[in-house]
Amino acid sequence: MSAGSVAVVVTEEIRLPSWDLYELSIPCTVFGKPQPDLADPWYDLRLCGTREAGADTPATGAGLSLHTRYGLADLAGADTVIVPSVPDPCVDEGRPLDPALIAALRLAHDAGARMVSLCTGAFALAEAGILDGRRATAHWMHTAQLADRYPKVRVDDSVLYVDDGDVLTSAGLTAGLDLCLHLVRRDLGAHVANQLARRMVVPAHRPGGQAQFIDQPVPATDDRGLAPVLDWARAHLDQPLTVEDLAQRAAMSPRTLYRRLQAATGVTPLQWLLNQRLRRAQSLLESTDLPIARIGELSGLGTANNLRHHFVRQIGVSPSDYRRAFPLA
């Protein structure tokens, strides 16, 4: 179980006002602040400028510049390389991407680095040929351009992020945070990712297959009336819960519960329950030596075979393989 080094590309054209700084701040926040009580050592974060190492990025319209100790040559030595975004003209106007950046990304990929893009960073990975033949995503406003410009990429515009093993891509803005927390979950386990998310006051886990946007808008005010019933459900995951059970506990009709839960979380009540059961199973696999069958019972997923079915489908590995990645001390 190792965190490793994370190299984040800092392009020369970070702009204000823009989404660029938000997406750059996400990996810095997740991977850059040591969390010794969660995992020690934590990640080794390196900001790698597209200019010569040690040079300032040009000042933005708001007078901001960034000074980085590392350059593009340092990407190849990292365990994980993250491209938060690329300059707007490269996306909106089709201007060429920095050839030096593309070459550095290819070298890093060839050296075995895990390659990650947030939002329009997918254009850089696609230009480097890293996404050829792979399923990938970006912000839904740019996926049509991505698919048109790079026909070898299987673009999916409906998901928050795509985990294709050694190459991962996300939609824009907060979906980038979902993907970064997913990386922590892969590297250090569900418990660490959940605790980190709690410190950041964000949802612990939104599955990558969740839609980028919800047709039914989230209510203007927090749906605090759901909190007690959801807390109760988490405490009773080992029981055979139904939508009707949750609705009765919340003193509302099943239809109302369905509508309000989906509006607040973006998933149906049954999918929400499945996600919670899988999180419980992950935690038990990491922290106990209980038999797989018993973990299936305690998480509410039933038999060992049923647990394995859902685990492989949602997590991508079997419960046994997952447990081997997080041996007990």
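Just so it is clear, the structure is predicted and the values come from calculations on it, not from any experiment.

### Regarding the packing of helix H6 (residues 174-188) against helix H7 (residues 190-200)
Pairs of packed helices are described in terms of their axes, by the angle between the two and the distance that separates them.
So, point 1. Their axes nearest at 7 Å, the elements H6 and H7 cross at an angle of 145 degrees. Contacts between H6 and H7 pair Leu 177, Leu 181, Val 184, Arg 185 and Leu 188 from the former with Ala 190, Val 192, Ala 193, Asn 194, Leu 196, Ala 197 and Met 200 from the latter.
So, point 2. Class assignment of the residues belonging to the contact of H6 with H7 gives a composition of 10 nonpolar, one polar and one charged.

### What to know about the state of the cysteines
Each disulfide is one covalent bond, formed between the sulfur atoms of two cysteines.
So, point 1. This structure, assessed with the given rule, holds zero disulfides.
So, point 2. Here Cys 28 is not disulfide-linked; the sulfur of Cys 180 is the nearest cysteine sulfur, at 9.5 Å.
So, point 3. With a relative accessible area of 24%, Cys 28 lands in the partly exposed category.
So, point 4. Its relative accessible area of 0% is what places Cys 180 among the buried residues.

### Regarding the environment of Ala 144
So, point 1. In this fold, Ala 144 is placed in helix H5 (residues 143-149).
So, point 2. Along the chain, Ala 144 and Val 155 lie 11 residues apart, while their C-alpha atoms are 8.3 Å from each other.

### So, the sheet that holds strand S4 (residues 80-83)
So, point 1. Here seven strands make up an open sheet; going across it, the order is S3-S2-S1-S4-S5-S9-S8 and the pairing mixed. Each edge of the sheet is formed by a strand with only one pairing partner; in this case those strands are strand S3 (70-71) and strand S8 (161-163).
So, point 2. Two strands pair when backbone bridges link them, and S8 and strand S9 (residues 167-170) are joined in this way by three bridges, in the antiparallel orientation. Considered in S9, the bridge of Tyr 161 is made with Ser 170.

Cut-offs and rules
Sequence order sets the numbering: in each chain, residues are counted from 1 along the sequence as written. Owing to the predicted nature of the model, reporting of local features is limited to residues with pLDDT of at least 70; listing and counting of side-chain atom pairs is limited to 80 or more, with chain, interface and lining totals taken over all residues. Side-chain numbers here rest on the full set of heavy atoms in the structure, without hydrogens or water. Lines are fitted to the C-alpha atoms to define the axes, a helix being fitted only along its stretch in contact, and any angle between axes, read from their N-to-C directions, falls within 0 to 180 degrees. Strands here are runs of E lasting at least two residues and helices are runs of H or I lasting at least four, both read from the DSSP assignment and numbered beginning at the N terminus. Contacts between residues were defined by any pair of non-hydrogen atoms, one from each residue, lying within 4.5 Å. Polarity classes work like this: nonpolar for Ala, Val, Leu, Ile, Met, Phe, Trp, Tyr, Cys and Pro, charged for Asp, Glu, Lys and Arg, and polar for all others, with Gly in that last group. When two cysteine sulfur atoms lie within 2.5 Å, the pair is treated as a disulfide. When a residue's accessible area, from a 1.4 Å probe over protein chains only, is under 20% of the maximum for its type it is buried; when over 50% it is exposed; and in between it is partly exposed. Whether two strands pair comes down to DSSP finding at least two bridges between them.

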